[in-house]
Amino acid sequence: MSGGPVLDTRGRVIGIHGRAEVEEIKDKAGQTRLLTLGFSLGVPVSTFLSQAQVVGIKPELLKVETSSPPPLTEEEKNSISEVLLKVEKPSNSADAIDWANYGWQVARIDDEHKEQGIKALDRAIELKPNFYQAWYLRGFMLMSKKEYPEAIKSWDKATQIEPGFGPAWRLRGLTLVTLKRYQEALESFDRVIKLDPNDLSAQIFRSIILSGLNRFPEALDASNQVLKSNPVSWAYFARGVARIGQKDFKGALADLNEAIRRNPEYIEAGAYYFRGVLRAEQKDFKGALVDLNEAVRLEPENVDHTKFRGNVRLQLQDYKGAITDYTEAIRMKPDDADAHLNRGAIRILQKDFKGALVDLNEAIRRNPESIEASAYYLRGAIRILQKDFKGAIADYTEAIRLKPDDAKAYYLRGAVRFKQQDFKGALADVNEAVRLKPEELDYTKLRGNVRSQLQDYKGAIADYTQALGTQASSGVGIQLEVNPQTKVLTVVKVIENSPSQKGGIKVGDQVLAIDSQPTTKISSEQAIKLIRGQIGTQVTLRIARADRNTPT
């Protein structure tokens, strides 16, 4: 009953009953009857406790327990179901309202009874074809079975009969969001808002859908309008999503923090997911993992959440955990080519080349046209280990077809051709690699090797001279590489008596910035070009060293 307690199995109050979703309708005799249209609503006890002092309830009057009740045995579950969920089937003389109520009640018992519930609603519709509430409930049950297209057909029928029936428009919109049919979903929620301009949740969902359509300024405006009148957690979440779309990551993070602070347990799992994505962008992988753990806990069947957690674990070098996540993602979505690709890449790191090859073959088979070129790079590398040079060349050729301006693919194919002593083919490939990325040291060195084999000694010397000059940073006297573990530009060699050695640079120093320009998104060759600069000019490096607490 409304205002009554909701108890757990130990008799402790865990919520307060609000209202049931029922509607009064007239039967053939003109009598008023009640039709159940959904679930009962309630207020969680945590919400009550957060507001208790505001309304003058003293904390000492309340006994708060935080332990979970013991799990029920199967016998206890069955006995509760028999008492609370016992539903009597209508007689042959029952009317459409009886069949509709029965259908909803029986469908709530468990998944096995949902089909029985749908048949009962079909009987109600047979007795009363324009029974739009029965069409609505039928769609509800089909949605719970994840039969989304059929559910939408039922709601379409309900709204054709009664265009002003808001609940059908709402569930239709939510289901279309699940199917990522955002434009149709927006049209549904526009109808809900037209019927009730003060519908807060519809306005929030409208903002989220606009973000799904990449209409971020409109989404931001919609969420701002809600926040002006009612600053609830979901509105902050919607604005955070819109701000991500507009690249306002600082504002987005603030909004997601506020959404989670206001409603940590019942906010959409997406709030934790998006905050985890933002933290990962900021290289805060430990913080990102905390958020993604929560996103997965709240929505364990969301493949995107699980897969991105795998990406974060990969960055933290938790290869076992990453493989577990990618494996789970593949279970949920077997045709997810990216999950196969990422798992294959980790297996290469673990030297499980057989397992990696299986994954890479599957990734390419599932999505041959739009898979990342790296799938072909990695498979090509395994084929080289297996002495399958013809297969490796075929993979690099396919990578070039998918991405014609990919210098790395030309370089790798050139390297294989060089190994096979196809020096003319190798030269053509490496020339293209150098043309596309002239700053890459390895490309220039390989071309020098190829030219040497073709007895173009002048060209080879020119390439080696360029490579050596770059390596020594044209007199600055350091050699740099991006550390594969830390992903930070690091000094790997200091030339004796060079300006770098005299300036105190040591092997292992991390170069964080060059003349105030961060090095996080540039290659070692690009960094060296910045360090070389113009003859006679000075360069300032911001260095981090393990034995210092702060960078200098």
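Quantities reported herein were computed from a predicted structural model and do not represent experimental measurements.

Conventions and cut-offs
Residues numbered from 1 in each chain as written. Predicted model: local features only at pLDDT ≥ 70, side-chain atom pairs only at ≥ 80, totals over all residues. Heavy atoms only, no water. Helix = DSSP H or I, 4+ residues; strand = E, 2+ residues; numbered from the N terminus. Buried < 20%, exposed > 50% of the residue type's maximum accessible area, 1.4 Å probe, protein only. Contact = heavy atoms within 4.5 Å. Areas by Shrake-Rupley, 256 points an atom, 1.4 Å probe, with all protein chains shown as cover. Core = buried A, V, L, I, M, F, W, Y, C linked by side-chain atoms within 4.5 Å. Phe/Tyr/Trp six-rings, centres within 6.5 Å; stacked < 30°, edge-to-face > 60°. Lys NZ or Arg CZ within 6 Å of the ring centre and 35° of its normal. Salt bridge = Lys/Arg side-chain N within 4 Å of Asp/Glu carboxyl O. Axes fitted to C-alpha atoms, helices over the stretch in contact; angles between N-to-C directions. Parallel < 35°, antiparallel > 145°, perpendicular 65-115°, else oblique. Left-handed = near helix turned anticlockwise from the far one by under 90°. Nonpolar A, V, L, I, M, F, W, Y, C, P; charged D, E, K, R; others polar. Patch = residues over 30% accessible without salt bridge, like charges linked within 9 Å, V, L, I, M, F, W, Y side chains within 5 Å. Expected span 1.5 Å × (residues − 1). Polar contact = N/O pair within 3.5 Å; in protein donor to acceptor, adjacent residues only side chain to side chain.

### Structural notes on the overall build of the chain
- Along its length, the chain carries 26 helices and eight strands.
- With 552 residues in all, the chain has 42% of them scored as buried.
- In the chain, the proportion of contacts linking residues at least 24 apart, taken out of those at least 6 apart, comes to 45%.
- When the accessible surface of the chain is summed, it comes to about 31,000 Å², and 51% of that surface belongs to carbon and sulfur atoms.

### Some thoughts on the nonpolar core
- Of all hydrophobic cores here, the largest spans 47 residues; its most connected members are Ala124, Phe131, Tyr136 and Trp155.
- Aside from chain neighbours lying at most four places away, what touches alanine 124 is Ala96, Trp99, Ala100, Phe131 and Ala134.

### Topic: the environment of leucine 7
- Of note, leucine 7 is situated in strand β1 (residues 5–7).
- Classification of leucine 7 as partly exposed rests on a relative accessible area of 47%.
- Beyond its immediate chain neighbours, meaning those up to four positions away, leucine 7 contacts Arg12, Val13 and Ile14.

### A few points about the packing of aromatic side chains
- Tallying each qualifying case throughout the model produces 13 aromatic pairs.
- Through a chain of ring-to-ring contacts, three or more aromatic side chains come together here, namely Phe189, Phe205, Trp234, Phe237, Tyr273, Phe274 and Phe308.
- Across the ring face of phenylalanine 131, the terminal group of lysine 128 is positioned such that the distance to the ring centre comes to 4.7 Å.

### Topic: the pattern of salt bridges
- This model, assessed by the stated rule, comprises 44 salt bridges.
- Note that arginine 181 and glutamate 184 form a salt bridge whose closest N and O atoms lie 2.8 Å from each other.
- Residue glutamate 184 is classed as partly exposed on the basis of its relative accessible area, which comes to 28%.
- The partner of arginine 383 in a salt bridge is aspartate 395, and the shortest N-O contact between them spans 3.0 Å. Taken together, the positions of arginine 383 in helix α19 (residues 373–385) and aspartate 395 in helix α20 (residues 389–402) put the pair 12 residues apart, joining distant regions of the chain. Comparing arginine 383 with aspartate 395 shows no difference in burial state: the two are buried.

### A few points about the packing of helix α9 (residues 200–212) against helix α10 (residues 216–229)
- The geometry of α9 relative to α10 is characterised by a closest axis approach of 7 Å and an angle of 160° between their N-to-C directions. If you check the angle between α9 and α10, you find them roughly antiparallel. The hand of the α9/α10 crossing is left-handed. Where α9 abuts α10, its residues Leu200, Gln203, Ile204, Arg206, Ser207, Leu210 and Ser211 lie against Phe216, Glu218, Ala219, Ala222, Ser223 and Val226.
- Considering only residue class, the contact of α9 with α10 consists of seven nonpolar, four polar and two charged.

### Focus: a nonpolar patch on the surface
- Together, Leu61, Leu62 and Val64 give the surface a local cluster of nonpolar side chains, amounting to about 290 Å² of exposed area.
- With respect to the helices and strands, leucine 61 occurs in the loop between α1 (45–52) and α2 (74–84).
- Given a relative accessible area of 66%, leucine 61 falls into the exposed group.

### A closer look at helix α3 (residues 96–107)
- Helix length check: α3, at 12 residues, gives a terminal C-alpha distance of 16 Å against a target of 16 Å (1.5 Å per residue), a fit within 8%.
- In terms of burial, α3 is a largely internal element, 10 of the 12 residues being buried.
- All buried positions along α3 are accounted for by Ala96, Ile97, Trp99, Ala100, Asn101, Tyr102, Gly103, Trp104, Val106 and Ala107.
- Its side-chain oxygen 3.2 Å from the backbone nitrogen of isoleucine 97, aspartate 95 forms the N-cap of α3.

### Thoughts on the side chain of arginine 347
- Following the sequence through the fold, arginine 347 ends up in helix α17 (residues 337–349).
- Every residue in contact with arginine 347, bar those within four places of it in the chain, is listed here: Ile323, Asp352, Phe353, Gly355, Ala356 and Asp359.

### Concerning the environment of leucine 512
- If you trace the backbone, leucine 512 turns up in strand β6 (residues 510–514).
- Judged by its relative accessible area of 24%, leucine 512 falls in the partly exposed class.

### Concerning helix α23 (residues 441–453)
- With 13 residues, α23 ought to run about 18 Å at 1.5 Å a step, and its terminal C-alpha atoms sit 19 Å apart, in line with that.
- Looking only at α23, the buried set comprises Leu441, Tyr443, Thr444, Leu446, Arg447, Gly448, Val450 and Arg451.
- Count one or two residues on from α23 and you reach glutamine 455, which has phi positive near 65°.

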